[in-house]
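Here are the chains, one letter per residue:
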Amino acid sequence: MTLKLMPMNDGVPASDLLNGLNPAQAEAVSTTEGPVLIIAGAGSGKTRVLTFRVAYLLRMGVNPAHVLALTFTNRAAQEMKERISHLVGGNTARTMWAGTFHSIFARILRQYADRIGYTPSFTIYDTDDQGAAIKAVMNQLGVSQQVLPPNGVRGRISTAKNSMISWQEYVRGADSIAEKQTGQIFEEYEKRLAQSNAMDFDDLLLNTIKLLEHHPDVLEILQDRFRYLLVDEYQDTNRAQYRAVTMLAQKYRNLCVVGDDAQSIYRWRGADIRNILDFERDYPETKVVRLEQNYRSTKTILAAADSVIKRNTKQLKKQLFTENVEGEKITLLACRDDREEADMVAKTIRSRVEKYGYSYKDVAILYRTNAQSQALEDALRRSNTPYHILSGVSFYKRKEVKDTLAYLRLLVNPNDTESILRVINEPARGIGNTTLERVQEYAVRNNSTVFDVLSNIEVVPNIQTRTVKSVKDFIGIITRYQEMMPELAPASLAQAYIEATGLPHMYKVQQSEEALDRWNNIERLLDHIVEQQDLDESLTLINYLEQIALLSDADDPKLGTERIAMMTMHAAKGLEFPLVVIAGLEQGLFPLAKAEADMQEQEEERRLLYVGITRAREQLVLSYAERRYRFGELVFSRPSMFLGEIDKDCLAPSARSMTGSTPSAKPQHAGASPTKQSSYSQVAQSETYSQLPMPKRYTSVSQPKARGVQGPAPEGPTTSTVGQRVKHPMFGAGTVTAVSGTGQSEKATVMFDSGQKKQLMIAFARLETL
DNA sequence: ACTTAGTAAATTCTC
DNA sequence: TTTACTAAGT
């Protein structure tokens, strides 16, 4: 391909696009031919470069259908398309392919499914389905779940797949008994999925590779279709993704990858930093472009981020700088416990919103683990601050929603065994475990699918007549609506079919608040299908289900509404906010306990903090708590070692004097004899507690005044006596009728004056003595 | 076969 | 604290 500086039909020359860009950006945009490696520091206008690059290509006359952009989230892909449409106008970008590896590959695989032994209606299994399949296989093989935890097996199988190790290779390399067993499970698992016409997430990559390797004609078609490839977040791709991209790019070699090794945070799920480090070796003619000017953050924030990341030994050379203002210093909140931390975070945000005129959508609270969201959430709710959480228990993870989706999946692919087992007795139809065991056993023995066996249930011995009828009814519903599929639009079909399954009815008659909630969720899901169908006339049930299966937390459409965003730092990748709070900077939590001893893990945690800090545009607040509830138990902790790594000049004065005695000033383990105790242990407290800045006393919300029975009290046992009169914020006054348990798990049974009897955890229920 | 109560385990991150 | 699995009761 040769460059033609010809204006496109809209009459604007391509070079106009370069006007607002700095030299490095312009180079990254205009080097359209051949391999390009863009090392893009945080906030260096990476997204802008990517979109301009595509727009530039299109202006140069490249057919948008020849462009493939692989992004990290669907949201990023969508945004990219919109921006490009904006730049080049009209529908030009519509035929361009943009999406995550998984969604793009799923699309390709549907097209060529028959080449690799699937039908185009294959099902995509999520982690839960995987777990269910693995447990079923272990059951079938008689492997105890006590001896070999299914979760661990799932992890090992997934790791193997991400490294492109087949079950045959895995078995060959297995030494220990556990590995041999895992290998056996691996084999049966693969067979079970194939039988179910289903793929797990890893298969979407592996099967694409298989398709390209074994079918040269398909490879060539795809190479010719995707003449220009872009890969975003390249540092977080794994070997399988690398392999697939390499094959696709082989013919035209127009491969542009964008990444930042400092932001590589997915090593644990197979991301291989070699992909970025070896790029130049694999493509000797590579043009390397470094984007080093940061347009996002203040000098202070950038300096803080830099002071942290430079502690890592392995990283590509680059020096980020910014022409932005110095900005506010970073605030450090030192708190007594997680509840106080949450209250202080909430209070700080509210005051900043007031003082600086931020709106809530400008604010994000980031944390290391999802579990931390609970306390923060409570505090925000108490102070009436609007927020929303990305991830956690999302809508699509709810039982009733998953059940509904499973029913829908069966309509498209009745061989989907995991879905059958999930819903066959939901609502209860009198088809129990014994029956299902027999059916599965029969299916395995006769190399048949569970659905086929159920369809001919008479042939299975030892099934009760009543059960046979139930099974027939169940199969009847599916086949009946399957036949209607060609005639009905997906939304109305789904509506009628789900109604016929009796699932909504079951919840509706239960009348409890929870059941009605569930019923409501099913309705919402069905409404959503209607919506999506209205948006896209050509929507099929297959497309819809795929879209849901490949949804990620970062795709949450609620982002950008007038609320504080709460999420893990992983989920925050690619986002930015004027005000960012990072909570829970404690040893053992961030970095996680597991990473404290392992340098590699520690460096990954440090990169994660780097990602967190660089999400902030104007202001950054960090916090830690001296003690925190974990598993309902109070544990002590020291401030994170990372706090000591942040350049002192970046911290606000009050914080600076406080950090004068943080771990960096004194070696953490100085004097402390090596113990096996985790950093959360009480021992750690006595060693380092006194070195810590004492947090300013914070008047906590609703501190119970009473002594006897009251909230979390770490010191001494909480005691309450039978006959004690107490008051509860919700239930009102009452009398303690019984006490059970000790310490943190001490429970009191209270007969309230309203007539209600409740058993309450004394440590958590905010009871007041009267 | 289904319900319920009781206990064990979990909390790292995800397409 | 919440969730998930197991065991015993109906």
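About the thresholds
- Residues numbered from 1 in each chain as written.
- Chains lettered and ligands numbered in written order.
- Predicted model: local features only at pLDDT ≥ 70, side-chain atom pairs only at ≥ 80, totals over all residues.
- Heavy atoms only, no water.
- Phe/Tyr/Trp six-rings, centres within 6.5 Å; stacked < 30°, edge-to-face > 60°.
- Helix = DSSP H or I, 4+ residues; strand = E, 2+ residues; numbered from the N terminus.
- Buried < 20%, exposed > 50% of the residue type's maximum accessible area, 1.4 Å probe, protein only.
- Polar contact = N/O pair within 3.5 Å; in protein donor to acceptor, adjacent residues only side chain to side chain.
- Contact = heavy atoms within 4.5 Å.
- Near = heavy atom within 4 Å.
- Nonpolar A, V, L, I, M, F, W, Y, C, P; charged D, E, K, R; others polar.
- Pairing = 2+ DSSP bridges.
- Axes fitted to C-alpha atoms, helices over the stretch in contact; angles between N-to-C directions.
- Core = buried A, V, L, I, M, F, W, Y, C linked by side-chain atoms within 4.5 Å.
- Parallel < 35°, antiparallel > 145°, perpendicular 65-115°, else oblique.
- Left-handed = near helix turned anticlockwise from the far one by under 90°.
- Salt bridge = Lys/Arg side-chain N within 4 Å of Asp/Glu carboxyl O.
- Patch = residues over 30% accessible without salt bridge, like charges linked within 9 Å, V, L, I, M, F, W, Y side chains within 5 Å.
- Areas by Shrake-Rupley, 256 points an atom, 1.4 Å probe, with all protein chains shown as cover.
- Lys, Arg positive; Asp, Glu negative; His and termini not counted.
- Charge placed at Lys NZ, Arg CZ, Asp CG, Glu CD.
- pLDDT = per-residue confidence, 0-100.

### Topic: the packing of aromatic side chains
- Per the stated rule, a full pass over the model turns up 13 aromatic pairs.
- A centroid spacing of 5.8 Å and a plane angle of 75 degrees characterise the contact between Tyr170 and Phe186, whose relative ring orientation is edge-to-face. One end of the pair, Tyr170, is in helix α7 (residues 167–173); the other, Phe186, is in helix α8 (residues 177–195), and 16 residues separate them in sequence. Neither Tyr170 nor Phe186 differs from the other in exposure class; each is buried.

### Some points on the side chain of Arg429
- Checked against the element boundaries, Arg429 lands in the loop between α18 (417–423) and α19 (433–445).
- Within the local environment of Arg429, its side chain forms a polar contact with the backbone oxygen of Ile424, the two atoms lying 2.8 Å apart.
- For Arg429, the contacting residues outside a window of four places in its chain are Tyr407, Val423, Ile424, Ser470, Phe474, Ile477 and Thr501.

### Structural notes on the protein's contact with DNA strand B
- Lining the immediate surroundings of DNA strand B are 24 residues, of which Trp268, Arg368, Thr434, Ser552 and Lys594 lie closest.
- Sugar plus phosphate: this is where 51% of the atoms of DNA strand B within 4 Å of the protein reside.
- Measuring from a phosphate oxygen of DNA strand B, one finds a side-chain N or O atom of Asn370 at 2.8 Å.
- Within the side chain of Thr435, an N or O atom sits 2.9 Å from a phosphate oxygen of DNA strand B.
- Looking at side-chain class alone, the surface near DNA strand B contains 7 nonpolar, 13 polar and 4 charged residues.

### Some remarks on the side chain of Glu605
- Its place among the elements puts Glu605 in helix α27 (residues 599–613).
- For Glu605, the contacting residues outside a window of four places in its chain are Arg368, Phe590, Pro591, Leu592, Ala595 and Phe642.

### Structural notes on the environment of Tyr442
- Position of Tyr442 among the secondary structure elements: in helix α19.
- When the C-alpha positions of Tyr442 and Thr417 are compared, they lie 13 Å apart, and in sequence the two are 25 residues distant.
- Apart from the residues lying within four places of it in its own chain, the contact partners of Tyr442 are Val453, Val459, Val460 and Pro461.

### Description of the sheet that holds strand β1 (residues 36–40)
- Pairing is parallel in the open sheet, where 6 strands are placed in the order β3-β2-β6-β7-β1-β8. Of all the strands in the sheet, just β3 (97–100) and β8 (287–291) have a single pairing partner and so form its edges. Sheet twist, expressed as the mean angle between neighbouring strand axes with direction ignored, is 15 degrees.
- Helix-sheet contacts for helix α1 (residues 23–30) involve β1 and β8, and the interaxial angle to β8 is about 140 degrees.

### Quick look at the nonpolar core
- In this structure, Leu408, Leu454, Phe474 and Tyr497 are the most contacted members of the largest nonpolar core, which totals 48 residues.
- The element contributing the most residues to this core is helix α17 (residues 399–412), with 8 residues.
- Every residue in contact with Leu454, bar those within four places of it in the chain, is listed here: Ile420, Ile424, Val439, Val471 and Ile475.

### Here's the deal with the packing of helix α6 (residues 150–162) against helix α9 (residues 201–214)
- Put simply, α6 and α9 touch, their axes get as near as 9 Å, and they point 25 degrees apart. Between α6 and α9, the angle falls in the class roughly parallel. Considering only the axes of α6 and α9, their crossing is left-handed. Here α6 contributes Ser158, Lys161 and Asn162 to the contact with α9, which in turn contributes Asp202, Asp203, Leu205 and Leu206.
- Residue composition of the contact of α6 with α9, by class: 2 nonpolar, 2 polar and 3 charged.

### Re the pattern of salt bridges
- A full pass over the atoms with the stated rule returns 45 salt bridges.
- Salt-bridge contacts for Glu605 lead to Arg368; the nearest nitrogen and oxygen are separated by 2.5 Å. With Glu605 in helix α27 and Arg368 in the loop between β12 (363–367) and α16 (373–382), the pair connects residues that are 237 residues apart, well separated along the chain. With respect to class, Glu605 is no different from Arg368; both count as buried.
- Overlapping salt bridges bring together Lys46, Asp232, Glu233, Asp236 and Lys573 as one network.

### Topic: unusual backbone geometry
- Cis peptide bonds are those with omega within 30 degrees of zero, and the linkage from Glu426 to Pro427 qualifies with 5 degrees.
- Relative to the helices and strands, Pro427 resides in the loop between α18 and α19.
- Residue Pro591 follows Phe590 across a cis peptide bond; omega there is 10 degrees.
- For Pro591, the position within the fold is in the loop between β15 (577–582) and α26 (593–597).
- Of note, Arg253 is a non-glycine position whose phi angle comes to about 60 degrees, a positive value.
- Checked against the element boundaries, Arg253 lands in the loop between α11 (239–249) and β7 (255–259).
- Residue Arg253 is classed as partly exposed on the basis of its relative accessible area of 28%.

### Digging into a negative patch on the surface
- A cluster of acidic residues, Asp527, Glu531, Asp534, Asp536 and Glu537, forms a negative patch at the surface.
- If you trace the backbone, Asp536 turns up in the loop between α24 (513–535) and α25 (541–549).

### Focus: the confidence of the model for chain A
- Put simply, chain A has an average pLDDT of 83, and 82% of its residues get 70 or more.
- For chain A, helix α30 (residues 682–688) is the element with the lowest average pLDDT, namely 26, and helix α10 (residues 216–225) is the one with the highest, namely 97.
- Taken as a whole, residues 761–766 scores under 50 in pLDDT and shows 25 contacts with residues more than four places along the chain or in a different chain.

### Let's talk about the pairing of strand β16 (residues 616–630)
- Among the 15 residues that make up β16, 11 are buried, leaving the element largely enclosed by the rest of the structure.
- Where strand β11 (residues 331–337) lies against β16, 6 bridges are found, and the strand directions are parallel. Counterpart to Cys335 in the pairing with β16 is Ala625.
- Summarising the sheet, β15 and β16 pair through 5 bridges and their orientation is parallel. Within β16, the position partnered with Val581 by the bridge is Val621.
- Taken together, the 4 bridges between β16 and strand β17 (residues 633–636) define a ladder with antiparallel strand orientation. The residue of β17 that forms the bridge with Arg630 is Glu633.
- Between β16 and β17, which pair antiparallel one after the other, the connecting turn spans 2 residues, and Phe631 there sits at a positive phi close to 55 degrees.

### Points about the environment of Leu454
- Its place among the elements puts Leu454 in helix α20 (residues 450–455).
- Judged by relative accessible area, Leu454 falls into the buried class, the value being 1%.
- Between the C-alpha atom of Leu454 and that of Tyr228, which follows or precedes it by 226 residues, the distance is 48 Å.

### Some points on the packing of α9 against α11
- One way to put it is that α9 packs onto α11 with a least axis distance of 9 Å and a crossing angle of 30 degrees. Here α11 runs roughly parallel to α9, going by the angle between their axes. Where α9 crosses over α11, the two elements pack in a sense that is left-handed. Residues Leu205, Ile209, Leu212 and Glu213 of α9 pack against Ala240, Gln241, Arg243, Ala244, Met247 and Leu248 of α11.
- Counted by class, the contact of α9 with α11 contains 7 nonpolar, 1 polar and 2 charged residues.

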